[in-house]
Every structure is written in C-alpha cells, then in structure tokens.
Amino acid sequence: MATAVAEKIAALTTEIYLKELAKRGSREKYDAILAKVPNIEPESYDRLPTA
C-alpha cells in the first residue's frame, strides 16, 4: 500500500513539474532551434524498421 501511494505521489509531482516547465517554454524558440536541424534522410543505422 505504501509503495502504491508513493508511486502515485511521484506521478502527480512529476506531472506538476512538467506543467510548470512547459509554461516557461516558447514556441518561437522551439521553432528557431528546430529550423537549425538539417532536412536530410537519416543514416541507414538510424532508420526505423519497416514492417
């Protein structure tokens, strides 16, 4: 029971932390950084397998 309560508290605390962190984010800054990533095909070792 104590472990289940601890896990729930940890999950809630993490959720609150992530929401606060997201508030500090900026879509403009995100887009600016993403624009620096080259638009090229990944190396063969870095591709997702196809089914």
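Going by the structure above, here's the rest.
Now for a look at the structure at hand. Not measured: the values here are computed from a predicted model.

**As for the overall build of the protein chain**
- Looking only at helices and strands, the protein chain features 2 helices and 0 strands.
- Taking 51 residues into account, the globule formula puts the C-alpha radius of gyration at 10 Å, and the protein chain, at 19 Å, lies well above it.
- By its C-alpha atoms, the protein chain is 50 × 35 × 15 Å across when sized along the principal axes.
- Going through the 51 residues of the protein chain one by one, you find that 0% of them count as buried.
- Of the roughly 5,400 Å² of accessible surface on the protein chain, a fraction of 62% belongs to carbon and sulfur atoms.
- Once the 8 positive and 8 negative side-chain charges of the protein chain are each reduced to a mean point, those two points are 7 Å apart.

**Notes on a nonpolar patch on the surface**
- A contiguous nonpolar patch, built from M1, V5 and I9 and spanning about 370 Å² of accessible area, is present on the exposed surface.
- Residue placement: M1 occurs in the segment before α1 (2-23).
- A residue is classified by how much of its surface remains accessible, and M1, at 84% relative accessible area, is exposed.

**Notes on the pattern of salt bridges**
- Counted by the stated rule, this structure contains 4 salt bridges.
- Two residues, E15 and K19, come together in a salt bridge whose shortest N-O distance is 3.2 Å. With E15 and K19 both in helix α1 and 4 residues apart, this pair spans about one turn of that helix.
- Across the pair D31 and R27 runs a salt bridge, and its minimum N-O distance is 3.5 Å. Taken together, the residues D31 and R27, both in helix α2 (residues 27-35) and 4 residues apart, mark about one turn of the helix.

Conventions we followed
Residues numbered from 1 in each chain as written. Predicted model: local features only at pLDDT ≥ 70, side-chain atom pairs only at ≥ 80, totals over all residues. Heavy atoms only, no water. Helix = DSSP H or I, 4+ residues; strand = E, 2+ residues; numbered from the N terminus. Rg over C-alpha atoms; globule rule 2.2 N^0.38 Å. Buried < 20%, exposed > 50% of the residue type's maximum accessible area, 1.4 Å probe, protein only. Areas by Shrake-Rupley, 256 points an atom, 1.4 Å probe, with all protein chains shown as cover. Lys, Arg positive; Asp, Glu negative; His and termini not counted. Charge placed at Lys NZ, Arg CZ, Asp CG, Glu CD. Patch = residues over 30% accessible without salt bridge, like charges linked within 9 Å, V, L, I, M, F, W, Y side chains within 5 Å. Salt bridge = Lys/Arg side-chain N within 4 Å of Asp/Glu carboxyl O.

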